[in-house]
Amino acid sequence: MLRRGVRCALGALALGACSPKTAAVVTTAPAPAAATATAAAPAPAPAGPAFQIPVEYYTLPNGLRVTNSLLGGSFGSRITRNIREDKGYTYSPYSSVGTHYHTGDWSESADVTTKDTYNSLHEIVNEIERLQKTPPSADELKGIQNYESGMFVLRNSNPGGIISQLNNLDLQGLPDSFLTEQVKNINAVTPAQVSATARQYIRPEAMTIVVVGDQKVVAPQIKKFQDSLKKPL
């Protein structure tokens, strides 16, 4: 109904020809050499591991969104409780799922105290791997589901939010049921699905990690972190 109303109101506008939809493949490998003797610049590195957005992200219980919210994408998330509330390494850590045309990436960002660079990286990876190995409790998951359900309602409480949702439906070729059944699907996610989603899509070994800071202070910590990845955490 909403989509039909928007199209009726805006369908008469003279628009240019639509460009074909293309999915960008993100890679950290250098691009092939250009025609001249100068090599082309490397492709931009993703903020997190790039992945194909699964069909179930749009049509079945929304495990990826719920998993991200539980891990680092909400104020009550595990990473936030760990490196902010418990250890005080940072004030506002946050993770997100960036969705594009049939592809996306997961990223975690935090402004941490320089001396705690290694500790912060270690704890972030530790929380990812802990979630991969052990499903969350039903109570913890329910709290996140309530949060995500409420945020979905808030995001659609104004015209701009509704237009954004309809734009996403058209971009991804999704049915209206993606919106009408969103809250039901969020609440259908199980603890086992959360762990399975973390194992499949949030993989530290596939991540590009970017650290900005005083090189003299952070370089030894980065080496220590790299060495730690070779051992079980």
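Our next topic: helix H11 (residues 215-228). If you check H11, its first and last C-alpha atoms are 19 Å apart, about what 14 residues at 1.5 Å a residue would give, namely 20 Å. Here H11 has its buried residues at Val 218, Gln 221, Phe 225 and Ser 228. Along the axis of H11, the buried residues cluster in a sector spanning 75 degrees; they form a single face. Every exposed residue of H11 that faces more than 90 degrees away from the buried side is listed here: Gln 215 and Lys 216. Where H11 begins, one side-chain oxygen reaches toward the backbone nitrogen of Lys 216, 3.1 Å away; that side chain belongs to Asp 214.

We now examine the packing of helix H4 (residues 78-86) against helix H5 (residues 117-133). Two elements in contact, H4 and H5, have axes separated by 10 Å at closest approach and are oriented at 150 degrees. With respect to their mutual orientation, H4 and H5 come out roughly antiparallel. Considering only the axes of H4 and H5, their crossing is right-handed. For the pair H4 and H5, the contacting residues are Arg 78, Ile 79, Asn 82 and Ile 83 in the first and Ser 120, Glu 123, Ile 124, Glu 127, Arg 130 and Leu 131 in the second. A class-by-class count of the residues in the contact of H4 with H5 yields four nonpolar, two polar and four charged.

Let us look at the pattern of salt bridges. Taken as a whole and judged by the stated rule, the model has 11 salt bridges. With a shortest N-O distance of 3.1 Å, Lys 87 and Asp 86 are connected by a salt bridge. In this structure Lys 87 comes out as partly exposed when scored by relative accessible area, which is 32%. Residue classification places Asp 86 among the exposed positions, given a relative accessible area of 56%. The residue Glu 181 makes a salt bridge to Lys 184 at a minimum N-O spacing of 3.6 Å. Linked through salt bridges whose partners overlap, the residues forming this network are Arg 78, Arg 81 and Glu 140.

Judged by how many residues are buried, strand E3 (residues 103-109) sits mostly within the fold: six of seven residues are covered. In this sheet, E3 lies alongside strand E2 (residues 94-99) in antiparallel orientation, the contact comprising six bridges. Opposite Ser 96, over in E3, you have Ser 107 as the bridge partner. What sits between E2 and E3 in their antiparallel hairpin is a turn of three residues, with His 102 showing a positive phi close to 60 degrees.

Here Thr 90 shows up in the loop between H4 and E2. A distance of 2.8 Å separates a polar atom in the side chain of Thr 90 from the backbone oxygen of Asp 111. Other than its neighbours up to four places away in sequence, Thr 90 contacts Ile 83, Arg 84, Ala 110, Asp 111 and Val 112.

Tallied over the full model, the rule gives zero aromatic pairs. Here the guanidinium or amino end of Arg 84 rests over the ring plane of Tyr 91, the centre of that ring lying 4.4 Å away.

What follows deals with helix H7 (residues 159-172). Here H7 is 14 residues long and its end C-alpha atoms lie 20 Å apart, about the 20 Å a rise of 1.5 Å per residue gives. Every buried residue belonging to H7 is among Gly 161, Gln 165, Leu 166, Asn 168, Leu 169 and Gln 172, and all of these are buried. Taken down its axis, H7 places every buried residue within 155 degrees of arc, on the same side. Of the exposed residues in H7, those oriented more than 90 degrees away from the buried face are Pro 159 and Asn 167.

Further remarks concern the nonpolar core. Judged by nonpolar contacts, the single largest core of 20 residues is most densely connected at Val 66, Leu 71, Trp 106, Ile 128, Leu 131, Val 194 and Ile 202. Examining the composition of this core, we find that four residues originate from one element, helix H3 (residues 63-71), more than from any other. Filtering out sequence-adjacent residues up to four positions away, Val 194 remains in contact with Val 66, Thr 67, Leu 131, Pro 136, Leu 141 and Val 189. Listed in part, the six residues of the second largest apolar core include Leu 166, Leu 169, Phe 178 and Leu 179.

Rules of the game
- Residues numbered from 1 in each chain as written.
- Predicted model: local features only at pLDDT ≥ 70, side-chain atom pairs only at ≥ 80, totals over all residues.
- Heavy atoms only, no water.
- Helix = DSSP H or I, 4+ residues; strand = E, 2+ residues; numbered from the N terminus.
- Expected span 1.5 Å × (residues − 1).
- Buried < 20%, exposed > 50% of the residue type's maximum accessible area, 1.4 Å probe, protein only.
- Arc of directions from axis to C-beta.
- Polar contact = N/O pair within 3.5 Å; in protein donor to acceptor, adjacent residues only side chain to side chain.
- Axes fitted to C-alpha atoms, helices over the stretch in contact; angles between N-to-C directions.
- Parallel < 35°, antiparallel > 145°, perpendicular 65-115°, else oblique.
- Left-handed = near helix turned anticlockwise from the far one by under 90°.
- Contact = heavy atoms within 4.5 Å.
- Nonpolar A, V, L, I, M, F, W, Y, C, P; charged D, E, K, R; others polar.
- Salt bridge = Lys/Arg side-chain N within 4 Å of Asp/Glu carboxyl O.
- Pairing = 2+ DSSP bridges.
- Phe/Tyr/Trp six-rings, centres within 6.5 Å; stacked < 30°, edge-to-face > 60°.
- Lys NZ or Arg CZ within 6 Å of the ring centre and 35° of its normal.
- Core = buried A, V, L, I, M, F, W, Y, C linked by side-chain atoms within 4.5 Å.

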